[in-house]
Amino acid sequence: EKLTEIRHRLVAESWYVNLDSEKQAIIISMAYQLGITGLFKFKNMIKALKAKDYKMAQIEALDSRWAKQTKSRAKKHANILGGGTIKHQYPDIQGD
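Owing to the predicted nature of the structure, the values given are computational and were not obtained by experimental measurement. (Residues numbered from 1 in each chain as written. Predicted model: local features only at pLDDT ≥ 70, side-chain atom pairs only at ≥ 80, totals over all residues. Heavy atoms only, no water.)

(A) Seen up close, the overall build of the protein. A count of helical and extended segments in the protein gives eight helices and zero strands. Reading the secondary structure of the protein in the N-to-C direction produces α-α-α-α-α-α-α-α. Radius of gyration (C-alpha) of the protein: 12 Å, near the 12 Å computed for a compact globule of 96 residues. Judged by the C-alpha coordinates and their principal axes, the protein covers about 30 × 30 × 25 Å. Within the protein, the fraction of its 96 residues that count as buried is 39%. Considering the protein, the positive charge centre built from 17 side chains and the negative charge centre built from 10 side chains are found 6 Å apart. (Helix = DSSP H or I, 4+ residues; strand = E, 2+ residues; numbered from the N terminus. Rg over C-alpha atoms; globule rule 2.2 N^0.38 Å. Buried < 20%, exposed > 50% of the residue type's maximum accessible area, 1.4 Å probe, protein only. Lys, Arg positive; Asp, Glu negative; His and termini not counted. Charge placed at Lys NZ, Arg CZ, Asp CG, Glu CD.)

As structure tokens, then:
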């Protein structure tokens, strides 16, 4: 149910809809961990995603208390926002 609510809130955001599926998955994961309100506090990251400046989005994601508290996850997630792939960052995950 929480994922349904998160997706419902995010599809109303043009910056989210315009992301590729891997970046969308990372945003959903962040929202699940932080809550949608917590995710929306990443104003500079979202601004960079809107501008399609993915390297800046990566930097902004890491410039946060979240990144300090969950270092490994944040680094992997930020790398995907910066242009990496889920398969490369999470090789044990089975994909399509």
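(B) Main features of the packing of aromatic side chains. By the definition in use, this model includes two aromatic pairs. Considering the side-chain rings of Trp 15 and Tyr 16, the 6.3 Å spacing of their centres and the 85 degrees angle between planes classify their relative orientation as edge-to-face. Of the residues examined, Tyr 16 reaches a relative accessible area of 5% and is grouped as buried. When the ring of Phe 42 is compared with that of Trp 66, the centres are 5.9 Å apart and the planes differ by 85 degrees; the resulting orientation is edge-to-face. Of this pair, Phe 42 sits in the loop between α3 (21-40) and α4 (43-50) while Trp 66 sits in helix α6 (residues 65-69); the two residues are 24 residues apart in sequence, bridging distant segments of the chain. On the accessibility criterion, Trp 66 (4% relative accessible area) is buried. Its guanidinium or amino end placed over the ring of Tyr 32, Lys 2 lies 4.7 Å from that ring's centre, counting from NZ or CZ. A cation over an aromatic ring shows up here: Lys 23 above the ring of Tyr 54, its NZ or CZ 4.5 Å from the ring centre. (Phe/Tyr/Trp six-rings, centres within 6.5 Å; stacked < 30°, edge-to-face > 60°. Lys NZ or Arg CZ within 6 Å of the ring centre and 35° of its normal.)

(C) Layout of helix α7 (residues 71-81). For α7, every residue scored as buried is listed here: Ala 74, His 77, Ala 78, Asn 79, Ile 80 and Leu 81. Immediately downstream of α7, the backbone of Gly 83 shows phi near 125 degrees, a positive value.

(D) Spatial organisation of the packing of helix α5 (residues 54-62) against α7. Running from N to C, α5 and α7 cross one another at 165 degrees; their axes reach a closest spacing of 7 Å. In terms of orientation, α5 and α7 fall into the roughly antiparallel class. Regarding α5 and α7, the two cross each other, and that crossing is right-handed. For the pair formed by α5 and α7, the contact residues are Tyr 54, Gln 58, Ala 61 and Leu 62 on the first element and Ala 74, Lys 75, Ala 78, Asn 79 and Leu 81 on the second. (Axes fitted to C-alpha atoms, helices over the stretch in contact; angles between N-to-C directions. Parallel < 35°, antiparallel > 145°, perpendicular 65-115°, else oblique. Left-handed = near helix turned anticlockwise from the far one by under 90°. Contact = heavy atoms within 4.5 Å.)

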